[in-house]
Structure formats: C-alpha cells, structure tokens
Amino acid sequence: MKKIPVAQPNFIGNEREYVLDCMDTTWVSSAGKYVQGFEKEFAAFCDTTYALSCCNGTVALHLPLLAMGIGAEDEVIIPALTYIATCNAVKYVNATPVFVDIDPDTWNIDPAKIEEKITERTKAIIVVHLYGNPADMDAVIKIARKHHLYVIEDAAEAHGALYKGKKVGSIGDVGTFSFFGNKVITTGEGGMVVTNNAMLAEKMRLYKGQGVDPQKRYWHTVVGYNYRMTNIEAAIGLAQLEKIDTHISLRKNVMESYARYLAPIKDYVAFQHVDLEDSAIYWMVSVIFRDNVKIERDEIIQKLEAKGIETRPLFYVINDMPPYRSDEVFEHAKKVSKRGINLPTYGAITEDEIRYVCDTLIDIVESVV
C-alpha cells in the first residue's frame, strides 16, 4: 500500500545547484554568501529592515526574549494551544509563561482574554499564527501599547501569510520563523528573526554569535550562544525563497481541494476560520470533528493510518503536559486540541491523493453518524 505522508519538503528550484556551490567553494559553515543573501532576501520578503538567520525556530524565539532583557520574575503571555517551543523559549530565560485561551473558530489567541492575565510582571505577548492563520494583530497591538509590552509574532508556520495586507512577522516588535522540513519553505533545520528595531537586531546578532564583539575578534562581551545557520542550510533556504510564491500557491490549491471534497460532511467537520481580510498560507490543512461525530479523534487517526494515510493530532494544550501542568482549564483550546487533526499537506500531493484522503475520511465519519 502506498503511504501518503502528512508532510514532505518540495524542492523545485536551485537547491541542488546552490548546495553544490557551497561544497565546491568549501564554504559550508556559518560564513558564506548564501547566509547573507538569504537574510537580505527574507527581510525584503517580510517587509522588514533586518533578518537574522539562526539554527532553528526555537532559538529564533529565544533570541528576542534575550534581547528584550526578559528574565526571572517576568511573565510572558502565550496562547494555551501552540507547539511546545513557544513556551519552552520563555522558560529558557527563566520567565514565567502565562496562558490565554484561544478563539474557538480561528484557533489563535483570544485578544478579549489577554488583559485579565496582564500583571505588573508582564513584559511581552507572544502571538502564534497557528497553522499559518494570521492572529488578530490589531487587537493585540492595541493591548500591548496600552500596557507597554513587547509583541513577538511566532510565525513559524506562517511564511508569507497576510494580516490586512501586511506580512506576518512585520507587525509586532519581532517576528520569528522556522524552516524545519515540513514548513512552507525549508532549510532542513533553521530559523529566522525579523524586525525593524535596530537595537533589538544588534543585540540578537550579538547573542546568536557567541557574544563576540564585531570589532574585536575572540573578545566576548556577553554570554552568547552558537545559534548560527550554516551556509549550506542558507543555500537551500534561498533557493526555496525564490519559489515561495509557488509554494504558497500550491498549498492554497491543496486547501481548496480539501474544502471541495469534504463538502459532503461539512456538518460533521469544520476547518480553521480565516478572516476575509487576511490571507492564510495553510501550513497544514486541519479540521476538527464536531460533537455529532461519535468517535474519538485518535481512533479516526488509526483508521486513516490503516488505509495508508498519515495524519497528526493538533497540538496538546500546553498546561496538560508535565513540564507546565496546572489545573487551569482552557475550554476552547481543550476542545480544539482533542477533536482536531492535520491532514496531509504539501506541495507535491496530487489531486487523486487528496480525493483518496477525503473519500476515506468521509467513509469513516459516515459510518459513525
């Protein structure tokens, strides 16, 4: 049986040529023209002044928290439903993550519930554009400015998504991205931080390069980190970025096909809501099963797996997991997490494969309703 993966990278440009150039010239580590080129072009793509490459999306979140001086005794607000890296980065600086429930339709942080969580210790809000769907940035920015808080956009899953015509990552004080192999564009591993703030950019560049003084070799002014991206990774990233409009377009086509083929069970499954003024990039096409589907989500995943279809559950609610466990209940995050799955989503998936996934899912749902 042919297996349909939940995700896979799509190499449709100059990736091989650029990587071989790195090898031929021996520029394979963190110095080289592709690192500089990738940063320059990614900043232009995001409509920001600065872009700093790094070794993965998690450290991309760590760097701005360091640069902002956030540490012990400080609090950072994050959505209750997100990938664990968002929360872990807060703990890396010894700050306390404070969780806020999500909007039940968009699955992003609910701005109406943020202010009740703000205290004198709050220093920042991390907004996650979950699965490539832009969060309500106007509302978040308004709250942040009122309380003098930093805003970090975790856009790890949202390369090129638009919020009211603006690229996500360019709206808050800092935006962060991941280039893991399942993302819209990839470097294998890798991340990027973008900002228009010169001071933050300078500090993040210092921290990511072992804290070495840019004017004095081997002289280190702070305790820094080795968070640099390699030239080979940047070569892949630059080639991917050159085709990003195609990568985004392919995923939108995938989403449209899923919406069309799953229409017969629209009363039983719901897609993530995207505001009409925005443009999501559909990192993963995800659905939640309504209450009238009398079967556990995990059983649906197992049934799809038996038919050669790989899926993923939506992220767990952060405070359900051992490192962050608490008794606080986030009603909407809990329900979306428990009832949702990611369907196979990648540029090279075929129309026939999408139809097969949908027909199989329809059969499973209709057998229990």
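Residues numbered from 1 in each chain as written. Predicted model: local features only at pLDDT ≥ 70, side-chain atom pairs only at ≥ 80, totals over all residues. Heavy atoms only, no water.

*Asks:* An account of the packing of aromatic side chains is needed here, citing residue identities and associated values.
*Replies:* Throughout the structure, instances matching the rule amount to twelve aromatic pairs. Where Tyr131 meets Phe315, the ring centres are 5.3 Å apart and the plane angle is 15°; that geometry is what we call stacked. Here Phe315 lies in the loop between β12 (312–313) and α10 (331–339) and Tyr131 lies in the loop between β4 (122–128) and α5 (137–147), a separation of 184 residues in the sequence. The pair Tyr131 / Phe315 is uniform in exposure class, with both members buried. Each residue in the set Phe38, Phe42, Phe45, Phe177 and Phe179 is aromatic and connected to the rest through ring pairs, giving one cluster. (Phe/Tyr/Trp six-rings, centres within 6.5 Å; stacked < 30°, edge-to-face > 60°. Helix = DSSP H or I, 4+ residues; strand = E, 2+ residues; numbered from the N terminus. Buried < 20%, exposed > 50% of the residue type's maximum accessible area, 1.4 Å probe, protein only.)

*Asks:* Which residues make up unusual backbone geometry, and what values go with them?
*Replies:* Of note, the phi angle at Tyr131 is positive, near 55°, even though the residue is not glycine. Backbone geometry at Tyr282 places phi at a positive 55°, although glycine is not the residue there. With respect to the helices, strands and loops of the structure, Tyr282 is situated in the loop between β10 (269–271) and β11 (286–289). Residue Tyr282 is classed as partly exposed on the basis of its relative accessible area of 21%.

*Asks:* Report on the packing of helix α2 (residues 33–46) against helix α7 (residues 231–242), specifying residues and quantitative values.
*Replies:* Axes are the key here: two packed helices are described by the angle between their axes and the distance separating the axes. Across the interface, α2 lies against α7 with an axial gap of 8 Å and an inter-helix angle of 35°. Here the hand of the crossing between α2 and α7 comes out left-handed. On the side of α2, the interface is formed by Lys33, Tyr34, Val35, Gly37, Phe38, Glu41, Phe42 and Phe45, while α7 contributes Asn231, Ala234, Ala235, Gly237, Leu238 and Leu241. Counted by class, the contact of α2 with α7 contains nine nonpolar, three polar and two charged residues. (Axes fitted to C-alpha atoms, helices over the stretch in contact; angles between N-to-C directions. Left-handed = near helix turned anticlockwise from the far one by under 90°. Contact = heavy atoms within 4.5 Å. Nonpolar A, V, L, I, M, F, W, Y, C, P; charged D, E, K, R; others polar.)

*Asks:* Tell me about the pattern of salt bridges, residues and numbers included.
*Replies:* Between side chains of opposite charge, a pair can form as their charged atoms come close. Applying the stated criterion across every chain, the model contains 17 salt bridges. Note that Arg260 is salt-bridged to Glu351, the shortest N-O span being 2.6 Å. Placement of Arg260 in helix α8 (residues 244–261) and of Glu351 in helix α11 (residues 351–366) is noted, with a sequence separation of 91 residues between them. Taking the relative accessible area as the measure of exposure, Arg260 reaches 47% and is therefore partly exposed. Bridged by salt links that share partners, the residues Glu39, Arg205 and Lys208 form one connected network. (Salt bridge = Lys/Arg side-chain N within 4 Å of Asp/Glu carboxyl O.)

*Asks:* Give me the nonpolar core: which residues, what numbers.
*Replies:* Formed by 98 residues in total, the largest nonpolar core has its most connected members in Phe38, Phe42, Val76, Ile114 and Ile125. The contacts of Ile125, once residues within four sequence positions are left out, are Ile77, Ile114, Val140, Ile143, Ala144, Leu149, Tyr150, Val151 and Ile152. Grouped together as the second largest cluster of nonpolar side chains are 28 residues, Val254, Tyr258, Val293 and Val365 included. (Core = buried A, V, L, I, M, F, W, Y, C linked by side-chain atoms within 4.5 Å.)

*Asks:* How would you sum up the packing of α8 against α11? Please name residues and give values.
*Replies:* In contact at an axis separation of 9 Å, α8 and α11 are set at 35° when each is read in the N-to-C sense. Relative to α11, the crossing made by α8 is right-handed. On α11, the residues touching Val254, Ser257, Tyr258, Arg260 and Tyr261 of α8 are Glu351, Ile354, Arg355, Val357, Cys358 and Ile362. Its residues assigned to classes, the contact of α8 with α11 shows seven nonpolar, one polar and three charged.

*Asks:* Tell me about empty space enclosed by the protein, residues and numbers included.
*Replies:* One pass over the structure, following the stated rule, counts two cavities of 30 Å³ or more. Roughly 70 Å³ of volume is contained in the largest cavity. Every residue lining the largest cavity is listed: Tyr131, Asn133, Met255, Phe271, Gln272, Val274, Ala280, Tyr282, Met284, Val285 and Ser286. Of the residues in the lining of the largest cavity, the class split is eight nonpolar, three polar and no charged. (1 Å grid on protein atoms, 1.4 Å probe; cavity = no way out; pocket = protein on both sides within 12 Å on 5 of 7 lines; lining within 4 Å. Points joined across faces, edges and corners; volume = space filled by probe spheres on them.)

*Asks:* Please give an account of the pairing of strand β8 (residues 174–178) that cites residues and values.
*Replies:* On a regular strand, one side chain projects to one face of the sheet and the next to the other, so that they alternate. Counting buried residues along β8, five of its five residues qualify, which places the element largely inside the surrounding structure. Residues Val174, Thr176 and Ser178 of β8 are buried on one face, and the alternating residues Gly175 and Phe177, pointing to the opposite face, are buried as well. As paired elements, strand β5 (residues 150–154) and β8 share three bridges and run parallel to each other. The residue bridging Ile152 from the neighbouring strand is Val174, located in β8. For β8 and strand β9 (residues 191–195), the ladder comprises five bridges, and the chain directions are antiparallel. Bridge pairing in β9 links Gly175 to Val194. (Pairing = 2+ DSSP bridges.)

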